[in-house]
Amino acid sequence: MNALMHATIEVPTLAMEHLTKSFRHQPALDDVSFMVPKGALTVVLGAAGAGKTTLLRSIAGLEQPDRGRILLGGRDVAGREPKDRNLAMIFDNLALYPDKTGFDNIASPLRIRGDSRAEIETAVKEVAARLRISHILARKPKTMSGGERQRVALGRALVRTPSLFLLDEPLSSLDAMLRIELRAELRRLQRELGYTFLMATPDFAEAMAIADTVILLRAGRIVQIADPQTLYDAPVDRDAARFVGAPEINLVPARIEPGHGLHIAGGVLPLPDRLAALAGSGPVAVEAGIRPEAIGLAPADAAPISGTVSDIEPLGAQAAVTVTAGEAELRLVAGAADLASLAPGTKVGLSIAAERITAFDPRSGTRLA
Amino acid sequence: MNISSTTEPVSQTGHPGADVCWLSIDQLTAGYRTGALSPIEVARALIARIRMLDPVVNAIVHLDEAYTLAMAEASLARWREGRPLSAMDGVPVTIKDLSAVAGMPKRRGSLAFGSEPVGEDTPCVARMREAGAVFLAKTATPEAGCKVVTRSPVHGVTANPYDLTRTPGGSSGGAAAALALGFGPVALGSDGAGSIRIPAAYTNLFGLKPGFGRVPAFPPDIDMPHSVVGPMARTVRDAAIMLAVISQPEPRDPYMWPVPFTPPADLAMPDLSDLRIAFSARLGCTAPLVDAESDALVAQATPLLADAGAVVEEAAPAWPVDPFLPFRVFWETACLACVEGTPAEKRRLLDPLILQVGATGARVSLTAYMRAMEQRMAIAAASKAFFTRYDLLVGPVMPVPPYSVLRDVPEGYANEDWSWCPYTYPWNMTGQPAASVPIGFTEAGLPVGVQIIGPMGGEADVLRAARAIELRRPLHLRRPPLLG
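Asker: Provide a residue-level description of the nonpolar core, including the pertinent values.
Answerer: Ranked by size, the top nonpolar core spans 117 residues in total, and within it L14, L55 and L198 of chain A together with M88, M128 and F135 of chain B carry the most contacts. With sequence-adjacent residues up to four places away left out, L198 of chain A is seen in contact with L14, F34, V36, T42, V44, L56, I59, L164, F165, L166 and L167 of chain A. Core analysis: the next-biggest nonpolar cluster, separate from the first, contains 49 residues, C146, A315, C338 and V397 of chain B among them.

Here it is in structure tokens:
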């Protein structure tokens, strides 16, 4: 007997197949395919206008795709009304009714649907218990903490027992501190209760902090699908590298000299095998991508690369220090201890972790190694 | 291009704006369609919000809960059946009290007219009603829209939500203060000399004065082509959706554009490489009053538009005559028309400014009026020539940030004097579309807008350029500090 017959083949909660959508010849989504596994938190990351909202609205049934299929729980949902797709959309601002109690906020979609009083009572209490907000059901949003409001907003979505949550920049209009707090809480709830989330955000830090998988969207096309660390360490191209990370990745011209080293920023670094493999017998010009944290300060006389501090931009406890070295401008992040001895004009040495350098094709921007 | 800056925290509010009041049109209708939100509950929440917050600014002049909820109830029934009337079905909208709404009073800020309900919608209001929009309230206006601020003999003065000691501008200042406080996503304003753009600039909002004829009107306004109605909103997209509704044809309007308005397909993320844009810090006008901080903010539009792909050059129309000269004649004679249109026994109830300027208007000779008409045509022709070389013109809306709510005009000017505010009315005289888009805040936290002017029929490009700025300066996420 075939062993495969006994294996549980998990049907993904959502599968997108070649989804394409234009608005009067302006492509908004172009051949978008991906899967969202059950219980995972998948983030669609992209700049404003990349197509994130159109993607979420298509899944919800609010936009009709021109081509391609959307499968929810393995079933094609073409033609199925948004309210029959068993999805919850969570909006920007977590949009609660401010004049309703927690209970009434959570109950509101059931009332729209026309459920009976008893059914509503049972459903709301069950959801509230699961989200541990039973004690605030009688209160109005303005007396709740940010975390409690978020739970009420989730509860209002959850009460209809959706198979998938679509979150369209749910935290975008919150201030930075609260956003960081709420995203951690959102992640905790999602994991704890095993919900499936597809969340859109333009904020790479948010994606890095909470995603199982990041789908990087650019001009309606998927550029890369990867876990956050891979996206950071091995971005598919120069633009992806620049979009992810702050301060931005350094991009400087470099030359791989086989048997000699990596010529960069007026100095020579030892050549990691990975980069050496790019060159045949002769030298190869590449664009080197170096994360600011891969650059360290070293005594000026002993370092392979030396330069002059041209700018110091405070980032709170640390600062972004720009160093002009040879033809290149390199940004690194320095801590308080180093900053004491730095000022524009200071001569410094730089150590670069060569194994962390990525190489891009100088013309196309594609990552080579 | 650097749009990743939109990830920077922009909101100044210290706690979550966890409230349906800030939802956009698309978000509201997505909620209605999926059954997550109800037009009735949204309307109720907004009415409660108006009751709570409006006393602080005095933006609302008429609120009729039963009227609004009946419209919302009808919308909910349509959404339940899966048969919404349009992309605006169930969307709450406020209407400036210069426009007629059947079953609501139309006082025009005047003590000379009663508060009995009118019988018929003005065309753009009728189009919104046919689209299923929910009329939330009527907003404050100075009498007949005659001021750069919002103060009337009937309703008193409206304050700026960003600083209650300042004016929100006018004359659509009620609409602006309402939007800034989250009383619905869109508002109907009107603009005869800057009345949509000025309050939009002063309250961190988007406002579009459509070109003359773009939004049908009936009966025709004697002040044509100066006065038009148009959308005000927190986002460019919401204004575009509203314009698509209110620009629907009206068979009785003899001057309406025979071409339908279609929102630009690339509005989400416009590529402006097809546009040649002129930037001018003075728009070719005489500017007796200037402010360095406003100038510096307005100038920031240039790199933003260039980043979106546009070619941007410094250039301004060469006006054959100072636009202020003919404008003054039209302003004085429009006030005269307002006086003449009021029953003789009621005229003493008119705003003293209208009586004063109307009296000056009565002394304008026919020859002077004809000369003003001629000058207006020469100005329109000069603008037409300019717009053969450029697709858009960008510059200031206001010479100074919002000033004291106690004053009708900035210090040093007489109430009837428009000379200090020269950037908006030229485009009423030429009939061209012009918009105000948020560009920044002064050190004191006061909003500043930048003006984008298009050629006749150029609303789509005005919207695209506005969106390009909004994408790079997401100030629509910022809220008045009084909201905490």
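Asker: Can you lay out the packing of aromatic side chains for me, pointing to particular residues and giving the numbers?
Answerer: Going through the model one piece at a time under the given rule, you end up with 16 aromatic pairs over all chains. An aromatic cluster of at least three residues, connected via ring pairs, comprises F324, F327, W331, W418 and Y425 of chain B. Its guanidinium or amino end placed over the ring of Y97 of chain A, R156 of chain A lies 5.7 Å from that ring's centre, counting from NZ or CZ. Against the face of F441 of chain B rests R478 of chain B, its NZ or CZ located 3.6 Å from the ring centre.

Asker: Explain helix α3 (residues 65-80) of chain B residue by residue, including any values.
Answerer: Between the first and last C-alpha of α3 of chain B there are 22 Å, a value that for 16 residues agrees with the 22 Å anticipated at 1.5 Å per step. Within α3 of chain B, the full set of buried residues consists of Y67, T68, L69, M71, A72, S75, L76, R78 and W79 of chain B. As for α3 of chain B, its buried residues are in contact with α2 (102-113) of chain A together with α1 (25-34), α2 (39-57), α4 (123-130) and β3 (134-139) of chain B. Positioned one or two residues after α3 of chain B, G82 of chain B has a phi angle of 70 degrees, which is positive.

Asker: Got a sec to walk through helix α4 (residues 146-158) of chain A? Specific residues and values, please.
Answerer: Across its 13 residues, α4 of chain A extends 18 Å between first and last C-alpha, which sits within 8% of the 18 Å expected from 1.5 Å per residue. Summarising burial for α4 of chain A: 13 of the 13 residues are buried, a large majority.

Asker: I'd like a description of the pattern of salt bridges, backed by residues and values.
Answerer: Residues and elements named next belong to chain B. Scanning the model with the defined rule gives 48 salt bridges over all chains in all. The partner of E120 in a salt bridge is R252, with the nearest N and O atoms 3.2 Å apart. On the criterion of sequence distance, the pair formed by E120 in the loop between β2 (92-96) and α4 and R252 in the loop between α7 (236-246) and β9 (276-279) is long-range, its members being 132 residues apart. In this structure E120 comes out as partly exposed when scored by relative accessible area, which is 49%. With a relative accessible area of 37%, R252 lands in the partly exposed category. Between E470 and R467 there is a salt bridge, with its nearest N and O atoms 2.8 Å apart. On the criterion of helical spacing, the pair formed by E470 and R467 is a turn pair, its members being three residues apart in helix α14 (residues 459-472). In this pair, the class of E470 matches that of R467, namely buried. Because the salt bridges share partners, they merge into one network encompassing E120, R127, E130, E250 and R252.

Calculation notes
- Here, residues in each chain are numbered from 1, in the same order as that chain's written sequence.
- Chains and ligands are labelled by the order in which they are written, letters from A for the one and numbers from 1 for the other.
- Given that the model is predicted, a residue must reach a pLDDT of at least 70 before its local features are reported, and side-chain atom pairs must reach 80 or more before they are shown or counted; all residues, however, enter totals for whole chains, interfaces and linings.
- Processing note: side-chain calculations cover all non-hydrogen atoms of the structure and skip hydrogens and water entirely.
- As used here, the term nonpolar core means buried Ala, Val, Leu, Ile, Met, Phe, Trp, Tyr and Cys residues forming a set that is joined through side-chain atoms within 4.5 Å.
- Partly exposed describes any residue whose relative accessible area lies between the buried limit of under 20% and the exposed limit of over 50%, with all areas from a 1.4 Å probe on protein chains only and scaled to the type maximum.
- It only takes one pair of heavy atoms within 4.5 Å for two residues to be counted as in contact.
- Two rings from Phe, Tyr or Trp (for Trp, the six-membered ring) form a pair when their centres are within 6.5 Å of each other. A pair whose planes differ by under 30 degrees is stacked, one over 60 is edge-to-face, and the rest are tilted.
- By the criterion adopted, a ring carries a charge over it if an Arg CZ or a Lys NZ lies within 6 Å of its centre and within 35 degrees of its normal.
- Helical segments are the DSSP runs of H or I of at least four residues, strand segments are the runs of E of at least two, and each set is numbered from the N terminus.
- To estimate the expected span of a helix, count its residues, drop one, and scale the result by 1.5 Å.
- In the sections that follow, a salt bridge refers to a side-chain nitrogen of Lys or Arg positioned within 4 Å of a carboxyl oxygen of Asp or Glu.

Any functional reading would require information that these geometric values do not contain.
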